[in-house]
Amino acid sequence: MGTRSKRTYNLSAATIRRVRDMAEEYRVAPSQDAVIELAVDELERRLREEREAEAWAAAAQDPEFLSEVRQISTEFASADRETWPR
């Protein structure tokens, strides 16, 4: 891991207890800092997946995108038949 920085955050007692429990009792990570890093990584992954899902949903309604998908599908149909298993 790269350079680390110390930060101060005001967390509720319940959150502090849960972080400590996840590190010490459940051993989801080797330290409380690592628990926080895992939680932030997971939240960022969820947000990224939500944005991607929204983009795909919008694309599914976009006539220009759908036309391009059909065109690509048509152009590769013979190659797909030659290489994809039946």
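Structural notes, computed from the coordinates. Nothing here was measured: the structure is a model prediction, and the numbers come from that model.

### Looking at the environment of Ile 72
Right, so step 1: Mapped onto the fold, Ile 72 is located in helix H3 (residues 63-83).
Right, so step 2: For the pair Ile 72 and Pro 30, spaced 42 residues apart in sequence, the C-alpha separation works out to 48 Å.

### Concerning a nonpolar patch on the surface
Right, so step 1: Taken together, Met 22, Tyr 26, Val 28 and Leu 38 make up a surface patch of nonpolar side chains, about 380 Å² in accessible area.
Right, so step 2: Look at Val 28 and you get partly exposed, because its relative accessible area is 45%.

### Section: helix H2 (residues 32-59)
Right, so step 1: When the terminal C-alpha atoms of H2 are compared, their 41 Å separation across 28 residues agrees well with the 40 Å that a helix rising 1.5 Å per residue should span.
Right, so step 2: Where H2 is concerned, the buried positions are Ala 34, Val 35 and Ala 59.
Right, so step 3: In this fold, the buried residues of H2 make contact with helix H1 (13-24) and H3.

Cut-off values and rules
- Residues numbered from 1 in each chain as written.
- Predicted model: local features only at pLDDT ≥ 70, side-chain atom pairs only at ≥ 80, totals over all residues.
- Heavy atoms only, no water.
- Helix = DSSP H or I, 4+ residues; strand = E, 2+ residues; numbered from the N terminus.
- Patch = residues over 30% accessible without salt bridge, like charges linked within 9 Å, V, L, I, M, F, W, Y side chains within 5 Å.
- Areas by Shrake-Rupley, 256 points an atom, 1.4 Å probe, with all protein chains shown as cover.
- Salt bridge = Lys/Arg side-chain N within 4 Å of Asp/Glu carboxyl O.
- Buried < 20%, exposed > 50% of the residue type's maximum accessible area, 1.4 Å probe, protein only.
- Expected span 1.5 Å × (residues − 1).
- Contact = heavy atoms within 4.5 Å.

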